[in-house]
Every structure is written in structure tokens, then in C-alpha cells.
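Descriptive analysis of the structure
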Amino acid sequence: MTCDSTVDVGRVSIIGAGKVGSTLAEILLEKNIANVVLLDIISDLPQGIALDLIQAKALYLNDRQIIGTNDYVDTADSDIVVITSGQPRKPGMSRDELLKINSQIVVNVAKAAFAHSPNAIFIVVTNPLDLMTYLAWQTIGIPGHRVIGMGSLLDAARFRTFIAMELGISVANISGMVLGTHGNLMIPLPRYSTVNGIPITEIMDDSAIARIIERTRNGGAEIVKLIKTGSAYYAPAASTSLMIESILKNQNQLLPCSAYLQGQYGLENIFLGVPCLLGSQGVGKVLELDLTDAEYSALINCERKMRQTIEMAQKILNI
């Protein structure tokens, strides 16, 4: 049985047909979440990937559509624009070292996509993620609730995974919460991470929790070291697809994402990972958790580092 192709499921443009972008396109089609436009600057690459996915789609038993293109005109009137463009991390490279390479890429991509989809919600995946989310927002000048970074959702998925591995329990029974920046300063919150509602602090010892937190903070680097020629893409794409589904279906799922803060947690004019309700307007609400002094101090440390990084990027871009 096929799905009715006339049903409005939303239009998602993915800018960047690398491993994250192409994997995300495949997930959106297979799960029947959206029609997809896949854009890349490399001639014929997105067209070839799209043709392959069209043939795969024949086996998915739905009629979602995908277009591969090198022209932003084809992205017009998108409901969501996902920015994955940029250079991936290489072994030994920190997220901050990507700053100079990726800042200009993201600024140019955001401008071009916004010109054709001024009403879209923008999801940023490019690293260093929180900075790139800020730059995209600053570039296109739309309300902050319509620009979201994927990072903390991926971090929470890694945290949940490592908790499940440690306990030998299904990851379906585990929730995880991570705040702050998508990087070494991220703040996994054991008090707000649970197994069927039971905080992990009640069922795991401190040394195990500390070990899992450290592995979560280095989750991306661990994968880069193993792959050697690239970085993670399955989990980032899966994280982004969950955000897209919550937005297009107005599910208002509570997900940790890099969101624009306007007084929440006492912070202004900054993007940091916080728990958000994601619905048809983008970030509908930022949930303010009751943090300990140590947790709040760690969040302020993330903010200070992010402001320093923003200043560096603005000097590079001369803005």
C-alpha cells in the first residue's frame, strides 16, 4: 500500500550532500517524513545521490519526492532548511579549529537559502555547531526561535547509549539530558538522566558516571579517531531527522538543542544547548531546569567560551 503523494508532509532542503546530508535525506524518505531537496556545490553529486534514493524509494512504499540540485532556486519555499555544509573534523582536529574553514561557508549558505525560503526554520549541523548556529541566525536576521542547532540532541543520544552499555539495559528505557556547548565543555546532567524515571545517580556509582560523562564529551573525537578519514554521520543524521519530524508534525517533543536564549538561565543573545519544545514554530519554549551551583557555573563557562569564539569568528568575517 502506498501513501498518498498529495498529503502535505513538508519540504526540507538539505544543504550539503556529504555523508550527514545524504544519510539524513535517506532517513526522511524511508520514514516518510518529508519531501527533500538535496543541494551541493559539486556538480552531479546531489543528482546522483537523489537518483539512487529515488530507486530505493520504490521499495519504501511511499511517494515522497527528492530532488538533487546545484541551484538554490530549487530549494524555494522550503519549510525547513538544514545546513550540513562544511569541512568535517579530521583526526586531531578540534571543533574550534574548524571555525575559520566553516564560518564563511555557513554564512554564504544561510544567505543563499534564506533568499529563496524566507519563512523556513533553519537547523544547523555544521561544526563548531553552536557558533555556526549563531552565525546563521546573525546572517539572516530572523527570530531566534526559527534557528536551531542539532548538537545537544546528539550528545544526549551518546550519553544514553553509554548509560545503556554500562547497565546492560535497553536504551529505550533511558533518557538523557545534556546542556551547554557541543564540545568538550558540554554538561551531561546525571540528575536529569534516568532509567524508567529513576535517576542514574541512584543506580550507578560516581566513578561509572564520571567515566560515561568523559566518554560522552569525547564521543565525536572517538569516532573520528576510529574512522580516520571522516567523522560521525549516522547519529547526527538521526538526531536531525527527529528534530525535523517534531517540527513538521508539531509534536512539541522535549529535546535538548542549541537554542537562542533571551533571558532563560539568565543569559541573553547566545545559542547554547538547553531542553526545548520543538513544534511548528521551531523552538516553542525553552525549559529552565533547576541547576546546582556547579552545573550553573559550568553553563556560564560555556557561555563565556562561546562569546569568545563568536568574537573570533566576527573578526575573521569582518562583521
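Looking now at the overall build of the chain. Looking only at helices and strands, the chain features nine helices and 14 strands. Rg of the C-alpha trace for the chain: 19 Å, near the compact-globule value of 20 Å for 319 residues, within the 12% margin. Burial status across the chain gives 52% buried among its 319 residues. Across the chain, the fraction of contacts at a sequence separation of at least 24, relative to all contacts at a separation of at least 6, is 70%. Total accessible area on the chain is roughly 14100 Å²; 53% of this is exposed by carbon and sulfur atoms. Of the charged side chains in the chain, 25 are positive and 30 negative, and the gap between their average positions amounts to 5 Å.

Moving on: the sheet that holds strand E7 (residues 174-175). Sheet strands pair via backbone hydrogen bonds, and the direction of the pair is either parallel or antiparallel. Ordered by their spatial adjacency, three strands build an open sheet running E7-E10-E11, and the pairing between neighbours is antiparallel. Only two strands of the sheet have a single neighbouring strand rather than two, namely E7 and strand E11 (198-199). Here strand E10 (residues 194-195) runs beside E11; their pairing, made up of two bridges, is antiparallel. Counterpart to Val195 in the pairing with E11 is Ile198.

What follows covers the confidence of the model for the chain. Per-residue pLDDT for the chain averages 94, and the proportion of residues at 70 or more is 96%. Confidence drops under pLDDT 50 across residues 1-7; counting only partners more than four residues distant or on other chains, this segment forms 12 contacts.

Another point: the pattern of salt bridges. Applying the stated rule across the entire model yields seven salt bridges. Two residues, Glu222 and Arg215, come together in a salt bridge whose shortest N-O distance is 3.0 Å. By relative accessible area, which is 28% here, Glu222 ends up partly exposed. Among the ionic contacts, a cluster of salt bridges with common partners joins Lys31, Glu245 and Lys249.

In this structure, Ile14, Val82, Phe122, Met243, Ile244 and Leu278 are the most contacted members of the largest nonpolar core, which totals 83 residues. Apart from the residues lying within four places of it in its own chain, the contact partners of Val82 are Val12, Ser13, Ile14, Ile15, Leu24, Ile123, Val125, Thr240 and Ile244. In this structure, Phe159, Ile163, Ile174 and Met186 belong to the second largest nonpolar core, which totals 15 residues.

Along strand E12 (residues 253-262), seven of the 10 residues are buried, which leaves the element largely enclosed by surrounding structure. Between E12 and strand E13 (residues 268-279), which follow one another and run antiparallel, lie five residues, and Gly263 among them has a positive phi close to 110 degrees.

Reported here for the largest pocket is a volume of approximately 860 Å³. Surrounding the largest pocket, 40 residues form its lining, Thr84, Ser85, Gly86, Gln87 and Pro88 being those nearest its centre. Looking at the lining of the largest pocket, the elements with two or more residues in it are helix H1 (19-30), helix H3 (99-116), helix H5 (151-167) and helix H7 (219-227). Broken down by element, the lining of the largest pocket gets its largest block of residues, four residues, from H3.

Our focus in this paragraph is the environment of Leu131. Inspection of the secondary structure assignment puts Leu131 in helix H4 (residues 129-140). Its relative accessible area of 0% is what places Leu131 among the buried residues. With 62 residues separating them in the primary sequence, Leu131 and Ser193 have C-alpha atoms 26 Å apart. Those residues within four positions of Leu131 in sequence are excluded, and the remaining contacts are Leu99, Ser103, Met306, Thr309, Ile310 and Ala313.

Between H5 and helix H6 (residues 206-217), the least distance of the axes is 9 Å, while the angle of their chain directions is 140 degrees. One element, H5, and the other, H6, form an angle in the oblique class. Where H5 crosses over H6, the handedness of that crossing is right-handed. In contact with Asp155, Arg158, Phe159, Phe162, Ile163, Met165 and Glu166 of H5, H6 contributes Ala208, Arg211, Ile212, Ile213, Arg215 and Thr216. Of the residues assigned to the contact of H5 with H6, the class counts are seven nonpolar, one polar and five charged.

Moving on: a nonpolar patch on the surface. A cluster of nonpolar side chains, Ile41, Ile42 and Leu45, forms an exposed patch at the surface whose accessible area comes to about 310 Å². Within the secondary structure, Leu45 is located in helix H2 (residues 45-57).

What counts, and at which threshold
- Residues numbered from 1 in each chain as written.
- Predicted model: local features only at pLDDT ≥ 70, side-chain atom pairs only at ≥ 80, totals over all residues.
- Heavy atoms only, no water.
- Helix = DSSP H or I, 4+ residues; strand = E, 2+ residues; numbered from the N terminus.
- Rg over C-alpha atoms; globule rule 2.2 N^0.38 Å.
- Buried < 20%, exposed > 50% of the residue type's maximum accessible area, 1.4 Å probe, protein only.
- Contact = heavy atoms within 4.5 Å.
- Areas by Shrake-Rupley, 256 points an atom, 1.4 Å probe, with all protein chains shown as cover.
- Lys, Arg positive; Asp, Glu negative; His and termini not counted.
- Charge placed at Lys NZ, Arg CZ, Asp CG, Glu CD.
- Pairing = 2+ DSSP bridges.
- pLDDT = per-residue confidence, 0-100.
- Salt bridge = Lys/Arg side-chain N within 4 Å of Asp/Glu carboxyl O.
- Core = buried A, V, L, I, M, F, W, Y, C linked by side-chain atoms within 4.5 Å.
- 1 Å grid on protein atoms, 1.4 Å probe; cavity = no way out; pocket = protein on both sides within 12 Å on 5 of 7 lines; lining within 4 Å.
- Points joined across faces, edges and corners; volume = space filled by probe spheres on them.
- Axes fitted to C-alpha atoms, helices over the stretch in contact; angles between N-to-C directions.
- Parallel < 35°, antiparallel > 145°, perpendicular 65-115°, else oblique.
- Left-handed = near helix turned anticlockwise from the far one by under 90°.
- Nonpolar A, V, L, I, M, F, W, Y, C, P; charged D, E, K, R; others polar.
- Patch = residues over 30% accessible without salt bridge, like charges linked within 9 Å, V, L, I, M, F, W, Y side chains within 5 Å.

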